[in-house]
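The residues making up each chain are set out below.
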2 protein chains.
Amino acid sequence: MDHIRKPNPTIDDVALKANVSTATVSRFLNDPKRVREATGLRVKRAVEELGYAPHFGGRALAMNSTDTIGAVVPTIENAIFARGIQAMQERLAQDNVTLLIASSNYDTKQEWQQIQALVARGIDGLLLIGKDRDPSVYAFLKNRGLPYVLAWVWNDDRDHTYVGFPNDASSQELTKRVLEKGHTNIGMIAGVLADNDRARARVSGVRTALANADLSLAPDQLIESVYDMRSGANAFKSLMAQSPRPTAIICGNDVLAAGAQMGARELGLIVPDDVSVVGFDDIDLASGISPPLTTVHVPHRRMGNSAAELLLDMRAGRQVSSQRIDTTIVMRGSLAPPAM
Amino acid sequence: MDHIRKPNPTIDDVALKANVSTATVSRFLNDPKRVREATGLRVKRAVEELGYAPHFGGRALAMNSTDTIGAVVPTIENAIFARGIQAMQERLAQDNVTLLIASSNYDTKQEWQQIQALVARGIDGLLLIGKDRDPSVYAFLKNRGLPYVLAWVWNDDRDHTYVGFPNDASSQELTKRVLEKGHTNIGMIAGVLADNDRARARVSGVRTALANADLSLAPDQLIESVYDMRSGANAFKSLMAQSPRPTAIICGNDVLAAGAQMGARELGLIVPDDVSVVGFDDIDLASGISPPLTTVHVPHRRMGNSAAELLLDMRAGRQVSSQRIDTTIVMRGSLAPPAM
DNA sequence: TTGCTAAATGTAAGCGCTTACATTACGCGC
DNA sequence: GCGCGTAATGTAAGCGCTTACATTTAGCAA
């Protein structure tokens with residue numbers, strides 16, 4: 001298993017072997033139509049025989065474009081972003097653009113590093129999640145004229161290009177459904193709120209809906225939790241330790257909601273008879289667990305697709321505007337009226 | 001929101017502004033110690049004022065290295081690979097190496113395209129999942145002297161560098177546990193077997209264990225299914241439609257097993273009283289659903305970490321050898337003796 | 001101060017590619 | 001077969017960076 005790195009074949013090697021000029025090789029590679037068929041065939045054969053692949057650096061240098069778009073997501077371990085990112089990648093691939101994914105672990109500092117790393121790689125555009133970040137980040141991007149899109153969030157200001165949905169409004173709508181079932185004592189398991197405007201907006205949506213019904217979220221009815229099932233289960237248990245016990249738990253996302261159900265089982269409580277649980281995102285898991293989750297359906301694939309198209313358009317110098325993606329509430333078995 | 005792309009500042013701009021040569025700028029950027037402090041300060045200021053970031057292409061061209069490692073995984077939507085890949089990324093980041101992730105949708109042709117795309121980007125090393133692929137792929141990689149590692153799979157041949165576990169042995173071990181509970185009529189929901197040696201090895205492990213107990217897997221006791229919960233549920237139902245009904249279902253991974261449990265609920269069957277279900281991988285989901293899954297625990301993070309280190313070593317020209325990662329069986333509530 | 005050595009800095013070539021412009025070949029009507 | 005317009009191909013410059021080698025500067029001993 002020796003891996004002696006041979007000097008890779010260059011376009012000159014191909015040109016020599018195919019008995020054409022480098023320009024012709026380049027043309028064939030980038031747009032075969034610009035070369036006569038017979039010539040193209042010779043080039044093709046040479047490329048194959050040599051195992052030639054164009055040198056990215058050389059190309060980037062000559063074209064001043066990398067056909068690459070970057071994305072910094074909070075996490076790749078979590079299903080929340082995976083589907084949207086996958087859709088984005090597929091859309092970009094149609095235009096022969098590669099997606100570079102980096103993850104920030106929900107950490108502002110790491111996010112900044114990843115942004116710099118991506119920019120240094122000469123990306124043509126950048127996708128970021130949410131809006132909350134130091135103004136200097138935006139200043140940096142604008143100064144470099146680097147197109148960027150903020151996803152999983154929507155806002156009607158004109159400061160940035162958004163593709164997403166208003167987390168607060170969706171959350172408010174969901175809460176309304178819970179209230180309509182007759183719940184008056186509601187708890188919430190939120191994601192970690194620091195540096196996470198989506199998580200905060202989801203809380204504030206709940207607060208608004210409660211306020212409209214002359215209710216509110218007491219401090220000990222709101223627990224922050226990291227995004228995994230175990231933590232969700234624990235948060236659920238502390239919420240249940242209070243008296244009177246909440247009859248419905250609104251979770252910042254489906255992973256936490258699944259965790260809450262897990263916690264309920266561990267306490268011997270039946271969802272939704274003893275307590276209702278609702279989530280947010282409608283990832284696969286939401287409909288796969290029992291009882292299936294009432295949740296906010298987010299059209300992740302559509303959002304990823306839109307993000308890709310926005311970035312593609314911006315790269316081409318076209319004018320774009322923010323895309324609002326509408327969410328819907330899906331009612332499933334985990335939400336029912338409170339027990340009497 | 002105008003994104004007029006200004007010509008980015010180059011190293012010459014910085015050199016001019018700092019009143020030094022480009023060589024000095026380059027030296028300062030790559031290793032500040034090689035420049036006098038006062039000079040470095042001038043350069044630093046110039047860099048900041050201009051918002052300069054070195055052009056990746058130029059650098060790659062001059063150094064013939066990109067500090068980038070590529071990985072082609074079958075899917076990023078699925079939790080199976082996410083955790084390992086995340087760990088790999090973290091380890092690479094310690095050495096200032098970026099991980100480029102591409103997904104092949106479990107399709108050989110797409111995988112080949114992605115490999116080429118990554119190679120064209122000048123990656124210094126490549127991670128692939130599983131062993132099954134056209135020999136020409138390996139010929140291509142070896143011909144270019146590109147270090148690569150095959151992960152999620154282990155084999156004692158010396159043809160490649162592996163980091164993973166023997167899927168067949170792990171699967172055989174799991175099956176043994178099922179047999180020990182007294183099951184004699186066993187069904188299996190496998191992943192799609194074509195072009196997927198891991199999925200096939202898991203089936204063959206089951207077969208071996210059954211054969212050792214003088215049992216076997218009849219054709220209609222094995223169903224292939226794509227990796228999502230809904231399909232798993234459907235596969236489960238067809239398995240259950242047979243008579244006599246299997247008393248235990250072995251699933252190719254945890255997602256399918258979760259799907260099987262979902263199917264069971266839909267049929268009104270209780271797991272594990274009416275039927276046992278076991279999975280493979282031990283992703284988060286496995287312990288989060290009810291009943292929690294008996295499954296094969298794969299140390300994904302350790303595997304990702306090892307993969308990163310192997311690739312880093314190979315890049316540095318060091319000799320390496322395959323890493324075997326050991327799996328363990330975790331017994332949880334989804335497996336019980338068959339009903340009488 | 002002078003002369004020497006080592007450290008700091010500068011000069012310029014070249015990495016592999018694309019593309020504007022220059023040149024050559026092809027195919028067609030006569 | 002000739003001449004022409006167009007399509008195909010070739011030539012060579014230059015993209016931004018690193019680095020071997022050349023030159024200058026600083027620091028120090030005498």
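Above: the structure in question.
Rules behind the numbers
- Residues numbered from 1 in each chain as written.
- Chains lettered and ligands numbered in written order.
- Predicted model: local features only at pLDDT ≥ 70, side-chain atom pairs only at ≥ 80, totals over all residues.
- Heavy atoms only, no water.
- Helix = DSSP H or I, 4+ residues; strand = E, 2+ residues; numbered from the N terminus.
- Buried < 20%, exposed > 50% of the residue type's maximum accessible area, 1.4 Å probe, protein only.
- Near = heavy atom within 4 Å.
- Polar contact = N/O pair within 3.5 Å; in protein donor to acceptor, adjacent residues only side chain to side chain.
- Nonpolar A, V, L, I, M, F, W, Y, C, P; charged D, E, K, R; others polar.
- Contact = heavy atoms within 4.5 Å.
- Buried area = accessible area lost by both parts, 1.4 Å probe.
- Least-squares fit on C-alpha atoms with pLDDT ≥ 70 in both.
- Pairing = 2+ DSSP bridges.
- Axes fitted to C-alpha atoms, helices over the stretch in contact; angles between N-to-C directions.

Colleague: Sorry, what's going on with unusual backbone geometry here?
Modeller: Trans is the prevailing form of peptide bonds, just as negative phi is the prevailing case for residues other than glycine. Cis peptide bonds are those with omega within 30 degrees of zero, and the linkage from Val271 of chain A to Pro272 of chain A qualifies with 5°. Here Pro272 of chain A shows up in the loop between helix 11 (254–267) and strand 9 (276–278). A cis geometry characterises the amide bond from Ser243 of chain B onward to Pro244 of chain B, with omega recorded as 0°. Mapped onto the elements, Pro244 of chain B comes out in the loop between helix 10 (229–240) and strand 8 (248–251). In this model, Asn19 of chain B sits at a positive phi of 60°, which is unusual for a non-glycine residue. Tracing the backbone shows Asn19 of chain B in the loop between helix 1 (11–18) and helix 2 (22–30). Asn19 of chain B gets classed as exposed once you look at its relative accessible area, which sits at 64%. Even without glycine at this site, Asp214 of chain B takes up a positive phi of about 60°.

Colleague: Teacher, can you tell me more about the protein's contact with DNA strand D here?
Modeller: With respect to spatial proximity, 24 residues lie near DNA strand D, and among them Ser21 and Thr39 of chain A together with Ile11, Ser26 and Tyr52 of chain B are the closest. Atoms of DNA strand D within 4 Å of the protein belong to the sugar or the phosphate in 64% of instances, the rest to bases. In the environment of DNA strand D, a phosphate oxygen lies 2.7 Å from a nitrogen or oxygen atom belonging to the side chain of Thr24 of chain A. The separation between a phosphate oxygen of DNA strand D and a polar main-chain atom of Ile11 of chain B is 2.3 Å. When grouped by side-chain class, the residues that make up the surface near DNA strand D number 12 nonpolar, 9 polar and 3 charged.

Colleague: What is the right way to read the interface of chain B and chain A from this model?
Modeller: Accessible area lost on assembly of the parts is the figure often given for the size of an interface. The interface of chain B with chain A comprises 67 residues on the first partner and 65 residues on the second. Across the chain B to chain A interface the summed buried area is about 5500 Å²; carbon plus sulfur atoms make up 50%. Within the residue set of the side of chain B that touches chain A, elements represented by two or more residues are helix 4 (56–63), helix 5 (79–94), strand 2 (98–103), helix 6 (108–120), helix 7 (135–143), helix 11 (254–267), helix 12 (284–288) and helix 13 (300–315) of chain B. Partitioning the side of chain B that touches chain A into residue classes produces 28 nonpolar, 23 polar and 16 charged.

Colleague: Help me understand the relation of the copies chain B and chain A in this model?
Modeller: Related by rotation about an axis and a shift along that axis, the two copies of the chain form a pair. Rotating chain B by 179° about the axis while translating it 0.4 Å along that axis superimposes it on chain A, leaving an RMSD of 0.6 Å. In symmetry terms, the pair is related by a two-fold rotation axis. Distance from the rotation axis, computed per C-alpha, reaches its smallest value in chain B at Gly57 of chain B: 2.1 Å. Interface overlap between copies is the fraction of interface residues in one copy that are interface residues in the other; for chain B against chain A it reaches 97%, indicating a shared surface.

Colleague: Got a minute to help me understand the sheet that holds strand 4 (residues 148–151) of chain B in this structure?
Modeller: Remark on secondary structure: sheet strands pair via backbone hydrogen bonds, oriented parallel or antiparallel. Residues and elements named next belong to chain B. With parallel pairing, 6 strands are arranged side by side in an open sheet as 2-1-3-4-5-11. Two strands in the sheet have a free side with no partner beyond their single neighbour: strand 2 and strand 11 (323–324). Taken strand by strand, helix 6 contacts strand 1 (68–73), strand 2 and strand 3 (125–129), and its axis lies near 175° from that of strand 1.

Colleague: Sorry if this is basic, but what is going on with the protein's contact with DNA strand C here?
Modeller: Near DNA strand C lie 24 residues; those nearest to it are Ile11, Ser26 and Tyr52 of chain A together with Ser21 and Thr39 of chain B. Sugar plus phosphate, as a fraction of atoms of DNA strand C within 4 Å of the protein: 63%. A distance of 3.1 Å separates a phosphate oxygen of DNA strand C from a polar atom in the side chain of Asn30 of chain A. The separation between a phosphate oxygen of DNA strand C and a polar side-chain atom of Tyr52 of chain A is 2.3 Å. Broken down by secondary-structure element, the contributors of at least two residues to the surface near DNA strand C are helix 2 (22–30) and helix 4 (56–63) of chain A together with helix 2 and helix 4 of chain B.

Read these as geometric descriptors, not functional statements.
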